[in-house]
Amino acid sequence: MRVFSSNKELLKSINNHGLIGIVPTMGSLHDGHLSLVRRALNNNDQVIVSIYVNPTQFNNKEDLKAYPRNIDKDLEKLRDFKDLIVYTPSDNDVYSKMTSKDYDFDELDKVMEGKYRPDHFNGVATIVEKIFKMFKPNNAYFGEKDFQQLSIIKTMVKKLGIKVNVISCETIREADGLAMSSRNEHMTKGERLIAGKINKFLIKAKEIYKNKKIDKIPVSMIDEINNLKNCKLEYFEIDNLSKYSSSLIDEGDRIFIACWVGKTRIIDNIKLK
Ligand code: PAF
């Protein structure tokens, strides 16, 4: 493993032949990230993992401050992968001015996460575009837990004509079904037990959808979640993101959920067909 905090130094060490894969992360790595790294290593000649908590995608300063940072543990987890290149930049190595660009995502940034986290997707796209332009990867790997983020990145790449394959990778889950996320480590034991129920609601809603052909989540299920201790639902809906962006192909309907369990925000989704 080679670790660089300067993109210029990293670029000098890259071999210009063969495929380059990239796994952009904000660190606090878990098995979900490691599965992206494994997939990237299987399909590319060189793989870069970036670890950078990107300030411009946080619409809330407290959330940015509280975001978990565990760089020593992260490097320890990556140490066993052979031939990995890790990019751990300072703010100055990526931003000359700490601002995000204003993108046109059609209507995709106005729904779900876009409603609850204003400007979040401009920040995500800004850092991902910068990383793509720095390292010119052939393949970039993102998890499906953040399915709307994945769709935003596909839209950005298509609209800007960036030559990279954006590869969506299955969500990796804990034993009780909770989607792995760096934010999960903030939860108390009690909150963690409740969080484990979120994926079960998605599975139950999928069953109801299949049997009754509904296009809305039943109010009784919404009430059930809101009645869980410390749980506050933001959205729980059946949707198809391709209807919000002319750059996306139709991958079918999904059920999306976002809710707070205590101070931890959880998002997840499930494919319907
Ligand atoms: O999903 C994340 O961890 C971040 O949003 C990303 C894609 C690394 C951009 O900062």
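Above: the structure in question.
Residues numbered from 1 in each chain as written. Predicted model: local features only at pLDDT ≥ 70, side-chain atom pairs only at ≥ 80, totals over all residues. Heavy atoms only, no water.

Draft legend 1. Representation of the site of the ligand in the model. Residues in contact with the ligand, as listed here, are Pro24, Thr25, Met26, Asn54, Gln57, Ile127, Phe142 and Gln149. Taking Gln57, its side chain carries an N or O atom lying 2.6 Å from an oxygen atom of the ligand. Here Gln149 contributes a side-chain N or O atom positioned 2.7 Å from an oxygen atom of the ligand. Across the complex, the protein chains shield 88% of the 290 Å² of accessible surface that the ligand would expose by itself. (Near = heavy atom within 4 Å. Polar contact = N/O pair within 3.5 Å; in protein donor to acceptor, adjacent residues only side chain to side chain. Areas by Shrake-Rupley, 256 points an atom, 1.4 Å probe, with all protein chains shown as cover.)

Draft legend 2. The sheet that holds strand E2 (residues 20-25), seen in detail. With parallel pairing, the six strands of this open sheet are ordered in space as E1-E4-E3-E2-E5-E6. At either end of the open sheet lies a strand with only one pairing partner, and these are strand E1 (2-4) and strand E6 (165-169). Recorded for the sheet is a direction-independent mean angle of 25° between the axes of neighbouring strands. As judged from the four bridges shared by strand E3 (residues 46-51) and strand E4 (residues 84-87), these two strands associate in the parallel manner. Bridge pairing links Ser50 to Tyr87 in E4. The sheet contacts of helix H2 (residues 31-43) involve E2, E3, E4, strand E5 (139-143) and E6, and relative to E5 the element is tilted by about 155°. Here helix H7 (residues 120-135) sits on the sheet in contact with E2, E3, E4 and E5, set at roughly 155° to E2. (Pairing = 2+ DSSP bridges. Helix = DSSP H or I, 4+ residues; strand = E, 2+ residues; numbered from the N terminus. Axes fitted to C-alpha atoms, helices over the stretch in contact; angles between N-to-C directions. Contact = heavy atoms within 4.5 Å.)

Draft legend 3. Region of interest: the packing of aromatic side chains. For the coordinates displayed, the defined rule picks out six aromatic pairs. Judged by centre distance (5.1 Å) and plane angle (85°), the ring pair of Tyr87 and Phe135 falls under edge-to-face. Here the residue Tyr87 occupies a position in strand E4, and Phe135 occupies one in helix H7, the gap between them amounting to 48 residues. For Phe135, a relative accessible area of 3% corresponds to the buried category. Their ring planes at 50° and their centres at 6.1 Å tell us that Phe147 and Phe256 sit as a pair that is tilted. Of this pair, Phe147 sits in helix H8 (residues 147-160) while Phe256 sits in strand E8 (residues 254-261); the two residues are 109 residues apart in sequence, bridging distant segments of the chain. Each member of the pair Phe147 and Phe256 is classed as buried. Above the plane of the ring of Phe147 lies Arg254, whose end atom (NZ or CZ) is 3.9 Å from the centre. (Phe/Tyr/Trp six-rings, centres within 6.5 Å; stacked < 30°, edge-to-face > 60°. Buried < 20%, exposed > 50% of the residue type's maximum accessible area, 1.4 Å probe, protein only. Lys NZ or Arg CZ within 6 Å of the ring centre and 35° of its normal.)

Draft legend 4. Geometry of the nonpolar core. Counting residues in each nonpolar core, the largest one holds 43 residues, and the members touching the most others are Ile48 and Phe132. Secondary-structure elements contributing two or more residues to this core are E2, E4, H7, E5, H8 and E8. Looking at this core element by element, the count peaks at nine residues for H7. Setting aside its immediate chain neighbours within four residues, Phe132 contacts Ile22, Pro137, Ala140, Phe142, Ile153, Val157, Ile162 and Val164. Ala195, Ile198, Ile255 and Leu272 belong to the second-largest nonpolar core, a separate cluster that totals 26 residues. (Core = buried A, V, L, I, M, F, W, Y, C linked by side-chain atoms within 4.5 Å.)

Draft legend 5. Quick peek at the sheet that holds strand E7 (residues 231-239). The strand order across the open sheet built from three strands is E7-E8-E9, with neighbouring strands paired in antiparallel fashion. Of all strands in the sheet, those with a lone pairing partner are E7 and strand E9 (264-271), marking the two edges. Between one strand and the next, the sheet's axes are offset by a mean angle of 10°, whatever the strand orientation. Helix-sheet contacts for helix H11 (residues 219-226) involve E7 and E8, and the interaxial angle to E7 is about 150°.

Draft legend 6. Region of interest: unusual backbone geometry. Positive phi is not limited to glycine here, since Lys136 has a value of about 45°. Within the secondary structure, Lys136 sits in the loop between H7 and E5. Judged by relative accessible area, which is 62%, Lys136 ranks as exposed.

Draft legend 7. Examining the state of the cysteines more closely. Scanning the model with the defined rule gives zero disulfides in all. Summary of cysteine pairing: Cys259 is not part of a disulfide, and the nearest cysteine sulfur, belonging to Cys231, is at 4.1 Å. (Disulfide = S-S within 2.5 Å.)

Draft legend 8. Highlighting empty space enclosed by the protein. Here the structure, examined in full by the defined rule, presents one cavity of 30 Å³ or more. In this model, the largest cavity occupies a volume close to 70 Å³. Contributing to the lining of the largest cavity are Phe147, Ser151, Asp239, Asn240, Leu241, Ser242, Leu248, Ile249, Glu251, Gly252 and Phe256. Residues of the lining of the largest cavity, tallied by class, amount to five nonpolar, four polar and two charged. (1 Å grid on protein atoms, 1.4 Å probe; cavity = no way out; pocket = protein on both sides within 12 Å on 5 of 7 lines; lining within 4 Å. Points joined across faces, edges and corners; volume = space filled by probe spheres on them. Nonpolar A, V, L, I, M, F, W, Y, C, P; charged D, E, K, R; others polar.)

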